Amino acid sequence: MSNRTLTLMMGVVAFLILVVGIVFVIAVVGGGGGGGSSNTASAPKTSSGVTGDICQGNTLVTFGEDPASILDPIQVRDVGTSEYVVEIFGGLVTLDLNLTVQPDIAASWKVSPDGKAYTFTLRDNVVFQNNRKVTAQDVKYSLERAADPANNSPTVTLYLGNIVGLLDRYNGKAKDVSGVKVIDDKTVEIDLVQPSDYFLAELTQPVGFVVDQQQISQDLRNWTQHPNGTGPFKLSQFTPADKIVLTRNDHYHLGVAKLDSVVFELGGGSLLTRYQNNELHIGAVPAIDLEAVKNGTSPLSADYKPQPEMSLSYIAFNTKQAPFDDPLVRQAFAMSIDRDKINTVLLYDTQRVATSILPPEMPGHNDQVTGYSYDPAKAKQLLAQSKYAGKMPHIVLTYAGAGGDAPEILQAIQAGWQDALGITVDLQASEYSAYLRDLRKGTYQMFDAGWAADYPDPEDFLDKLFASDSQQNEQGYVNPAVDALLKQARIETDRTKRFALYSQAEQQILNDAAIIPTFWPIDHMLVKSCVQNWPSVSMTVPKYRYISIDASKEK
Amino acid sequence: MGAGLFGYAIRRLLWCIPVLFAVSVIVFTVVRMAPGDPVDTLLGQRYDPVVAARLRHKYGYDQPIYEQYFTYMNNLFHGDLGVSTRHQDFTVKQVVLPKMWVSTQIGFYAMIITFLLGIPVGVYAALARGTFLDPLIISSWLLLDAIPVFVLIPVAQWFFAARLGIVGLGYEGVYSSHMILPILIVGLTGVAGVARLMRASVITVMGEDYVRTARAKGLRETTVIITHVARNALLPMVSIIGLSLPGLVAGDLFVEQLFGIPGIGQESLQAVLAPDFDVVLFFVLLSSTLFVLANVVFDLLYGVIDPRIRIGEARG
């Protein structure tokens, strides 16, 4: 009995294994063969082993991040997801490759003399991707939808909180946003609580984008899987963790894209090998190859494109805790980091030492504004004058990480303090969400941090990180003089005067050593020679419509 | 015998209910009590207490934990697996199931390779015991197993894709020539383990009386090996195969990461780190349910195959 059953079972298992194996082989061979014969004409699909053919088609293949939210502009909160959303949707205004605000759905706008009312005139030729014309009503719907408490947008109060009545709508106290008024079909007025020269920059954020009311009301649950925006590209495929494919929107009003489509590979994988295998147009240089790529000894050097990031890495002090409540201690710490040496020795000179807070790409960046440079002798002197001279408490620097060895840069900084000041700082890793929470509670003495720009305006760095009433001021930094300058700048509508105010504030913040700016990071990209007009832009802006592929430029 | 086996099966299955209930309570509590907060992670540096409170309410995190548990279980029984906070507002179904299916298929094909090769290799090594072939065979497979996959994979990718150009690397679906390399790597690195177990099992069986009897009867050696030795030596393999099946839904982090396969390995790691409550819960609950069920099913199968092992029947 048992033997017969066993024989039967083994037979069934063997049969199953055989069947599955055969199906797999057929699928692979058949799929590969079929693909090979039918796809030889459409070059973008890389068939294995054939090199160089990605330059024949008109599809750009690059890599991207798995979206951290659905592709709904009012839910987007990270750079990775914005990359797709800014190509699919558009708003009244947009940013060009120089990070200047340009008209998008609006053709022009007028600002009232008190700077509180913006009147936008819409273009005549803007349509959604399904060819329906965009009207002022769509703009109002989109902004009110962003503020609708039922939609729980994580970003609307942050970027559009200055619109009259928006917070009332968000908090459920009003049925609409009173500050957004439809004048006629092609005119819309937006009223602000306070005049703001950076309002238009904020309006370029996804949360201000225009969406299609008809589509959303018809397909509330799934519309983000085939969104109907006004951007230069349509979403034609989205498989989470695998692929996003955008195809050209032929109705686009600011100049139709040159590419047929852009494929974002989301899976990660061995990007460099795949780049070398001609499966991707765009790659990234891994840290280990950076030196060779940078100094020209690698075959990849010709494709190397450094791309500055509009962001800042810094070491922050908790100015409310000992010993960093004493500015002299902070200054001494700031003067004992040799960032140039760290850059040369550890980073192959690939990063930019941050001499101030605002990155060089930021409008309002001022070369005259500088923080403390490396001066260990002076640092020692300042420390001796501080109230903690001779009774320095134990210091811990916290960073977000998973444990193990601290990043090399932090270890080098730690060694710098040890050498110059004779102070041993302990490095401590903390899990990311706990790190964020403890930052807000003000638990840490000192922490490693970074800030990436939301929109190109000094307000986004200086006001958000250093105003005493800002949620993001995790240093607990309070300087009434700086607060006064920042408040004045918020409502100053003359740009030159406003940037001068920010320069003053920035210099004061650096003098107080509220933080130690370390680096303005650079991304190390690889771009195939057949890709034309790859823009080196430091923020997420619509950029793929400028790019083309020219097989004759292939090396 | 039929009624006894049936009763035994029912009893075993009923026992699963309290086990799974306990698992769900423990997992739910541990996930909720873990240090991370999904809303903190979701808002990141742009934290605003008003927005955070709104989001906590939206996801129900402001409720007492037992109410959250009942809501979760109630939704679960209605087929609603919850929403992901890491992939804000994607449902768990959308996030987890497609990735799990990809991992399962790849893992399944790899497993077939592992056992299809491992079993004959093990039998052969056992028969070759005492000669140089036995250690040679086992250790050559062990060599493959001993190299960590995160070393093996980049080398294999460089050699087969960049150097020889015979395979592509990007993910283009499970049924694509690009998946040959990952499946082979996962499959072949497991061969040594199976082969060693099979070898040990064969050696034990070869010492049994009935094998000696079979030989004494004058049966041909091939017949002895195939019908008496191999068949009995395969018995332990049944439970090994059975218990590795539920593991297939967990995916293989390194392989998926290095080949850019949209599998569940990376997702589950990120979900734990975020933390993404509903994704972690579903993942753990599904894994434990499958494991508990596989245990029961293969215990029962064992009983069918070999009546000596039917533990429950003697008692009931």
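Visitor: Help me understand the overall build of chain B in this model?
Guide: Helices and strands together make up the secondary structure of chain B, namely 16 helices and zero strands. Projected onto its principal axes, the C-alpha coordinates of chain B cover approximately 85 × 65 × 30 Å. Put simply, chain B has 316 residues, and 48% of those count as buried. A fraction of 74% describes how many contacts in chain B between residues 6 or more apart in sequence connect residues 24 or more apart. When the accessible area of chain B is evaluated, it comes to approximately 14,900 Å², of which 71% is carbon and sulfur surface. Here chain B holds 22 positive side-chain charges and 21 negative ones, and the gap between their average locations is 10 Å.

Visitor: Please explain the interface of chain A and chain B as it appears in this structure.
Guide: Think of interface size as the accessible area that goes away when the parts come together; that is how it is often given. The interface is formed by 61 residues belonging to chain A together with 62 residues belonging to chain B. Regarding the contact of chain A and chain B, the summed buried area is about 5,200 Å², with carbon and sulfur atoms giving 57% of it. Run the count over chain A and chain B and you get four salt bridges. We note a salt bridge from D66 of chain A to K99 of chain B, for which the minimum N-O separation is 3.6 Å. Those elements that provide at least two residues to the side of chain A that touches chain B are helix 1 (2–38), helix 4 (156–160), helix 8 (271–276), helix 14 (432–441) and strand 17 (446–452) of chain A. Considering every element that reaches the side of chain A that touches chain B, the biggest residue donor is helix 1 of chain A, with 12 residues. For the side of chain A that touches chain B, a count of residues per class yields 24 nonpolar, 25 polar and 12 charged.

Visitor: So what exactly am I meant to see when it comes to the environment of V369 of chain A here?
Guide: All names here are of chain A. Along the chain, the position of V369 falls in the loop between strand 14 (352–353) and helix 12 (376–385). Exposure remark for V369: the relative accessible area of 5% places this residue in the buried category. The sequence separation of V369 and D483 amounts to 114 residues, and the corresponding C-alpha distance is 18 Å. In this structure, V369 is in contact with T355, S356, S503, E506, Q507 and L510, ignoring residues within four places of it in sequence.

Visitor: For this particular structure, what's the right way to read the packing of aromatic side chains?
Guide: Aromatic ring pairs are described here by two measures, namely the spacing of the ring centres and the angle between the planes. With the rule as written, the count across this model stands at 26 aromatic pairs over all chains. Measuring from ring centre to ring centre gives 6.4 Å for F89 of chain A and W223 of chain A, while their planes differ by 85 degrees; the resulting arrangement is edge-to-face. Within this pair, whereas F89 of chain A is found in the loop between helix 2 (79–88) and strand 2 (93–95), its partner W223 of chain A is found in the loop between helix 7 (213–218) and strand 8 (233–239), the two being separated by 134 residues in sequence. Considered together, F89 of chain A and W223 of chain A belong to a single accessibility category, that of buried residues. Summarising the aromatic geometry, the rings of F466 of chain A and Y477 of chain A are spaced 6.1 Å apart at their centres and angled 90 degrees between planes, so their arrangement reads as edge-to-face. In this pair, F466 of chain A sits in helix 15 (residues 459–466) while Y477 of chain A sits in the loop between helix 15 and helix 16 (480–491), placing the two residues 11 residues apart along the sequence. What makes Y477 of chain A buried here is its relative accessible area of 2%. Clustering of aromatic rings is evident, with ring pairs tying together Y84, F264, W534 and Y544 of chain A. Positioned above the aromatic ring of Y275 of chain A, the side-chain terminus of K528 of chain A is 4.0 Å from the ring centre. A cation over a ring is seen here: R46 of chain B above W451 of chain A, with NZ or CZ 3.8 Å from the ring centre.

Visitor: Teacher, can you tell me more about the layout of surface pockets here?
Guide: Once rolled over the atoms, a probe with the size of a water molecule shows which space is left empty. Space inside the second largest pocket adds up to approximately 1,300 Å³. Lining the second largest pocket are 46 residues, and of these I70 and R221 of chain A together with K58, V83 and D89 of chain B sit closest to its centre. With five residues, helix 3 (residues 136–147) of chain A is the largest single contributor of residues to the lining of the second largest pocket. Across the lining of the second largest pocket, the residue classes tally to 15 nonpolar, 17 polar and 14 charged.

Visitor: Quick question: what am I supposed to make of the packing of helix 5 (residues 92–127) of chain B against helix 9 (residues 191–206) of chain B here?
Guide: The packing of two helices is summarised by the inter-axis angle and the distance between the axes. Residues and elements named next belong to chain B. Contact pair helix 5 / helix 9: the axes reach a minimum separation of 7 Å and the direction vectors enclose 40 degrees. On the basis of the axis angle, helix 5 is oblique to helix 9. Pair helix 5 / helix 9 crosses with right-handed handedness. Along the contact surface, helix 5 presents I113, T114, F115, L117, G118, I119, V121, G122, V123, A125, A126 and L127, while helix 9 presents V191, V194, A195, M198, R199, V202, I203 and M206.

Visitor: Would you mind going over the confidence of the model for chain B with me for this structure?
Guide: Regions with low pLDDT carry predicted coordinates that are not meant to be interpreted in detail. Mean pLDDT over chain B: 85, with 96% of residues reaching 70 or higher. As scored by the predictor, the complex reaches a pTM of 0.81 and an ipTM of 0.73.

Rules and cut-offs
Residues numbered from 1 in each chain as written. Chains lettered and ligands numbered in written order. Predicted model: local features only at pLDDT ≥ 70, side-chain atom pairs only at ≥ 80, totals over all residues. Heavy atoms only, no water. Helix = DSSP H or I, 4+ residues; strand = E, 2+ residues; numbered from the N terminus. Buried < 20%, exposed > 50% of the residue type's maximum accessible area, 1.4 Å probe, protein only. Contact = heavy atoms within 4.5 Å. Areas by Shrake-Rupley, 256 points an atom, 1.4 Å probe, with all protein chains shown as cover. Lys, Arg positive; Asp, Glu negative; His and termini not counted. Charge placed at Lys NZ, Arg CZ, Asp CG, Glu CD. Buried area = accessible area lost by both parts, 1.4 Å probe. Salt bridge = Lys/Arg side-chain N within 4 Å of Asp/Glu carboxyl O. Nonpolar A, V, L, I, M, F, W, Y, C, P; charged D, E, K, R; others polar. Phe/Tyr/Trp six-rings, centres within 6.5 Å; stacked < 30°, edge-to-face > 60°. Lys NZ or Arg CZ within 6 Å of the ring centre and 35° of its normal. 1 Å grid on protein atoms, 1.4 Å probe; cavity = no way out; pocket = protein on both sides within 12 Å on 5 of 7 lines; lining within 4 Å. Points joined across faces, edges and corners; volume = space filled by probe spheres on them. Axes fitted to C-alpha atoms, helices over the stretch in contact; angles between N-to-C directions. Parallel < 35°, antiparallel > 145°, perpendicular 65-115°, else oblique. Left-handed = near helix turned anticlockwise from the far one by under 90°. pLDDT = per-residue confidence, 0-100.

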